Amino acid sequence: MTIAVLLAGGSGSRFGADRPKQFLRVAGKSILAHTIDAFERHPLIDEIAIVTRADCIDETRQIVSEGRYTKVNRILTGGKERYHSSLAAIQAYTDDDDRLLLHDAVRPFVSQRIITDCVRALDHYDAVDVAIPATDTIIRVDEHECIIDTPPRAELRNVQTPQGFRRGTIRQAYDIGLKDPGFVTTDDCGVVHHYLPHTPIYVVRGEVANIKITYPEDLKTLRFEV
């Protein structure tokens with residue numbers, strides 16, 4: 001199966017709202033609902049799983065019920081860190097040939113083209129990322145805030161989601177990584193790259209519109225079809 005996993009476990013602390021931003025309503029429904037819409041209507045998605053906080057399970061169920069989403073078959077409880085939410089989905093499935101698309105629930109503008117390209121790429125690769133070329137010069141600094149390196153911009157990309165995996169690949173990467181006392185990650189492709197270094201990770205072309213809603217000012221740019 002091809003399963004879209006919507007990671008909706010964030011607290012939204014940087015957003016500054018009194019509730020997680022994925023539950024804020026824009027253009028008549030929650031941001032989470034807009035994101036579900038993108039995967040619900042895609043013909044290559046067989047199932048949708050939503051991973052959220054324990055105290056948000058009931059609200060998530062209500063959103064799914066109100067939207068009459070037929071592909072949402074699992075609502076899972078995540079954990080403190082982002083990777084705990086990824087693990088909850090990885091462990092919820094058992095077929096290592098399943099294709100998992102792990103997507104930020106607060107990226108509601110993911111296009112049908114990006115989803116298609118990710119699914120198709122998993123026909124040839126076991127891990128897939130989405131990214132756009134970096135438009136700013138990136139610098140590395142030391143502990144004194146002095147520049148120590150300026151990587152060539154042509155080689156740099158800004159990462160988006162979804163990130164796609166054969167379930168067996170991402171499961172194996174986490175199995176190895178969680179045995180590492182120094183394990184730290186904010187990115188699932190990063191886990192594969194670090195712990196399965198011989199596994200190629202194909203990069204699908206992203207889109208500028210595929211933004212992650214992080215700050216209140218991000219809402220000013222939203223244009224939903226209603």
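Residues numbered from 1 in each chain as written. Predicted model: local features only at pLDDT ≥ 70, side-chain atom pairs only at ≥ 80, totals over all residues. Heavy atoms only, no water.

(A) Just unusual backbone geometry, in detail. Cis geometry marks the peptide bond from Thr161 to Pro162; its omega dihedral reads 15°. As for its placement among the helices and strands, Pro162 is situated in strand β10 (residues 157-166). Positive phi, normally seen in glycine, also occurs at Arg68, with a value near 50°. The topology assignment puts Arg68 in the loop between α2 (57-67) and β5 (72-77). Since its relative accessible area comes to 73%, Arg68 is described here as exposed. Backbone geometry at Glu145 places phi at a positive 65°, although glycine is not the residue there. Along the chain, Glu145 falls in the loop between β8 (140-141) and β9 (147-149). (Helix = DSSP H or I, 4+ residues; strand = E, 2+ residues; numbered from the N terminus. Buried < 20%, exposed > 50% of the residue type's maximum accessible area, 1.4 Å probe, protein only.)

(B) Representation of the nonpolar core within the structure. In this structure, Leu32, Ile36, Phe39, Ile45, Ile48, Ile50 and Leu101 are the most contacted members of the largest nonpolar core, which totals 29 residues. Of all the elements in the fold, those that place two or more residues in this core are β1 (2-8), α1 (31-40), β4 (47-52), α2, α4 (112-121) and β7 (127-133). Excluding its chain neighbours within four sequence positions, the residues that come into contact with Ile50 are Leu6, Ala8, Ile36, Thr60, Val64, Val72, Arg74, Ile75 and Leu76. In terms of nonpolar packing, the next biggest core, distinct from the first, is built from 26 residues, Tyr83, Leu87, Ala89 and Ile170 among them. (Core = buried A, V, L, I, M, F, W, Y, C linked by side-chain atoms within 4.5 Å. Contact = heavy atoms within 4.5 Å.)

(C) Region of the structure containing the pairing of strand β6 (residues 99-104). Within β6, 6 of the 6 residues are buried, which leaves the element mostly enclosed by the surrounding structure. Taking every second residue as pointing to the same face, both faces of β6 are buried, with Arg99, Leu101 and His103 on one and Leu100, Leu102 and Asp104 on the other. Strand direction decides the pairing type here: β1 and β6, joined by 6 bridges, are parallel. Across the sheet, Ala4 pairs through a bridge with Leu101, a residue of β6. (Pairing = 2+ DSSP bridges.)

(D) Spotlight on the packing of helix α3 (residues 82-92) against helix α5 (residues 167-177). Running from amino to carboxyl end, α3 crosses α5 at an angle of 130°, the nearest separation of the two axes being 10 Å. Viewed along their axes, α3 and α5 adopt a mutual orientation that is oblique. For the pair α3 and α5, the sense of crossing is left-handed. Counted together, Tyr83, Ser86, Leu87, Ile90 and Gln91 of α3 and Arg167, Ile170, Arg171 and Tyr174 of α5 form the full contact between these two elements. Of the residues assigned to the contact of α3 with α5, the class counts are 5 nonpolar, 2 polar and 2 charged. (Axes fitted to C-alpha atoms, helices over the stretch in contact; angles between N-to-C directions. Parallel < 35°, antiparallel > 145°, perpendicular 65-115°, else oblique. Left-handed = near helix turned anticlockwise from the far one by under 90°. Nonpolar A, V, L, I, M, F, W, Y, C, P; charged D, E, K, R; others polar.)

(E) Structural context of the packing of α1 against α2. Taken N-terminus to C-terminus, the directions of α1 and α2 make an angle of 50°; their axes are 10 Å apart at the nearest point. With respect to α2, the element α1 is oriented oblique. Between α1 and α2 the crossing geometry is right-handed. The segment α1 lies against α2, with Leu32, Ala33 and Ile36 engaging Thr60, Ile63 and Val64. Residues of the contact of α1 with α2, tallied by class, amount to 5 nonpolar, 1 polar and no charged.

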